[in-house]
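# Topology and contacts: notes
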Amino acid sequence: MLIEVVTFRARDGVDGGTVAAADNRLQTECVLTHQGFVRRTVGHRAGRDWVMVTFWWSEADAAASWEQAAGHPAHDQLMSMVDDGSWHVERYDALD
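Now for a quick tour of the structure. (Residues numbered from 1 in each chain as written. Predicted model: local features only at pLDDT ≥ 70, side-chain atom pairs only at ≥ 80, totals over all residues. Heavy atoms only, no water.)

## Re helix α1 (residues 16-29)
- In this model α1 runs 20 Å from its N-terminal to its C-terminal C-alpha over 14 residues, within 8% of the 20 Å that 1.5 Å per residue would give.
- Burial in α1 covers these residues: Val 19, Ala 22, Asp 23, Leu 26 and Gln 27. Projected down its long axis, α1 carries its buried residues within an arc of 140°, all on one side.
- Buried-residue contacts for α1 involve β1 (2-9), β2 (37-45), β3 (49-56) and α3 (73-79).
- Its side-chain oxygen 2.7 Å from the backbone nitrogen of Gly 17, Asp 15 forms the N-cap of α1. (Helix = DSSP H or I, 4+ residues; strand = E, 2+ residues; numbered from the N terminus. Expected span 1.5 Å × (residues − 1). Buried < 20%, exposed > 50% of the residue type's maximum accessible area, 1.4 Å probe, protein only. Arc of directions from axis to C-beta. Contact = heavy atoms within 4.5 Å. Polar contact = N/O pair within 3.5 Å; in protein donor to acceptor, adjacent residues only side chain to side chain.)

Laid out in structure tokens, this is it:
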């Protein structure tokens, strides 16, 4: 299993509730349907700093998800709220 950790900062002036709604849309309209999806959770700090933790069955599943999400309206909506240069992705092999 693979753990994918994405961190980002919301643009100045973007309300935390707006980011949360966009993320929920991304999850329900897009990510939940991708092959290899196991589980996902999202958190934030002070409304601007965000973390998304997604579990995938494999690295290939995670990579395919990114390709499938690109250009999806829910993905584009969330990305429009992300502060330039703040998006960071790391992947880890799960030990359990």
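## Concerning empty space enclosed by the protein
- One pass over the full model with this rule turns up one cavity of 30 Å³ or more.
- Here the largest cavity is characterised by a volume of approximately 180 Å³.
- Residue lining of the largest cavity: 15 residues in total, with Glu 4, Leu 26, Val 31, Met 52 and Trp 66 positioned closest to the centre.
- Sorting the residues of the lining of the largest cavity by element identifies β1, β3, α2 (59-69) and α3 as the ones contributing at least two each.
- Classifying every residue of the lining of the largest cavity gives ten nonpolar, three polar and two charged. (1 Å grid on protein atoms, 1.4 Å probe; cavity = no way out; pocket = protein on both sides within 12 Å on 5 of 7 lines; lining within 4 Å. Points joined across faces, edges and corners; volume = space filled by probe spheres on them. Nonpolar A, V, L, I, M, F, W, Y, C, P; charged D, E, K, R; others polar.)

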